[in-house]
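Residue-level structural notes
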Amino acid sequence: MKYQYPFGQTVKTLVQQDRTPKKVFVLGVYASAVHARWKRNGKTECTALAVASEPRIFWDGNIEEAKEIISKISIPKEAGTLEPAGSHLNGPSAKVLDEHILGTLGYTRKDAWLCDLLPETRLNSGQVKVITERYNPLIEQYGLNKVTIPERPNVFCDTQRCQEILSELKESQASLLVLLGDIPIAQFLNSVADVPYKSLQEYVEIYGYGKATAATIDGHTINVLPLAHPRQIGALGAHSEKWNTLHQKWERNK
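Residues numbered from 1 in each chain as written. Predicted model: local features only at pLDDT ≥ 70, side-chain atom pairs only at ≥ 80, totals over all residues. Heavy atoms only, no water.

**Quick notes on the overall build of the protein**
The helix and strand inventory of the protein stands at nine helices and eight strands. Expected size for 254 residues packed as a compact globule is a radius of gyration near 18 Å; at 19 Å, the protein falls within 12% of this value. Among the 254 residues that make up the protein, the fraction classed as buried is 50%. The contacts of the protein with a sequence gap of at least 6 include a subset with a gap of at least 24, amounting to 71%. Surface exposure of the protein reaches about 12600 Å², of which carbon and sulfur atoms provide 47%. Side chains of the protein carry 30 positive and 28 negative charges; the gap between the two charge centres is 3 Å. (Helix = DSSP H or I, 4+ residues; strand = E, 2+ residues; numbered from the N terminus. Rg over C-alpha atoms; globule rule 2.2 N^0.38 Å. Buried < 20%, exposed > 50% of the residue type's maximum accessible area, 1.4 Å probe, protein only. Contact = heavy atoms within 4.5 Å. Areas by Shrake-Rupley, 256 points an atom, 1.4 Å probe, with all protein chains shown as cover. Lys, Arg positive; Asp, Glu negative; His and termini not counted. Charge placed at Lys NZ, Arg CZ, Asp CG, Glu CD.)

As structure tokens, then:
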């Protein structure tokens, strides 16, 4: 099924584009989106409305790319205008990944194969609220499309998706698997490997934060490194001071 954003763009599946062998495989939760500031009648309706799929997985929020993508979105004059959201509202997780995870490990993007449990964006509660209260009342009046993107689920990865990720992991030839937060541990790793932990907290209690350990996945041994989600690492909105502090300590020690 093709899902649609506000003002008509179609949700795209975001996967690794460079399929050459890599050193590290990074598994996140679900894809983000390009966000725009939506203005109407001289006021801001939303500071960061999801309006299009990112141009690539873990996009860094490049402002020129944001401008180009948003400029192609057709919006009735009466419905307002769109412009790129603030620089901290597009690609923040990617910046954390590059600077505070890959960089700390001595890698660059060229060394990494990137993947998400769910390779499409979903609506969080904030997006649902603004669409319901600000966008939906304008649909009939201005002939706008209905937003059909599902809300953020609890399950991001079913059995079939686990096998798809496993195939990517093999294709990548990476010797290190980095898991971002609890969900990739619970919904992927625990499905394909027999490990004595189901969360980042349990991992840290056994091995410590930022220490890779070996796991057997589909008959092959690979080093596994569970880390905090970029939201925690970068203090992006609501976050845990505990995980932020632990990660900073790990970076200093590295």
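On we go from here.
**Digging into the packing of helix H2 (residues 92-105) against helix H9 (residues 241-253)**
With their axes 10 Å apart at the nearest point, H2 and H9 run at an angle of 35° to one another. At the point where H2 passes H9, the crossing takes the left-handed sense. In this structure, H2 contributes Glu99, His100, Ile101, Thr104 and Leu105 to the contact, and H9 contributes His247, Trp250 and Glu251. (Axes fitted to C-alpha atoms, helices over the stretch in contact; angles between N-to-C directions. Left-handed = near helix turned anticlockwise from the far one by under 90°.)

**Overview of helix H5 (residues 159-172)**
Helix length check: H5 (14 residues) gives 20 Å between terminal C-alpha atoms against 20 Å at 1.5 Å per residue, within 8%. Burial in H5 covers these residues: Arg161, Cys162, Ile165, Leu166, Glu168, Leu169 and Ser172. Buried residues along H5 cover an arc of 160° about the axis, so they all sit on one side. Exposed and oriented more than 90 degrees from the buried face of H5 are Thr159 and Gln160. Along its buried surface, H5 packs onto strand S1 (24-30), strand S5 (112-118), strand S6 (176-180), helix H6 (182-192), strand S7 (213-217) and strand S8 (220-227). Among the residues of H5, the N-terminal cap falls to Asp158, whose side-chain oxygen and the backbone nitrogen of Gln160 are separated by 3.3 Å. Of the residues flanking the end of H5, it is Gln173, one or two places downstream, whose phi is positive at about 60°. (Expected span 1.5 Å × (residues − 1). Arc of directions from axis to C-beta. Polar contact = N/O pair within 3.5 Å; in protein donor to acceptor, adjacent residues only side chain to side chain.)

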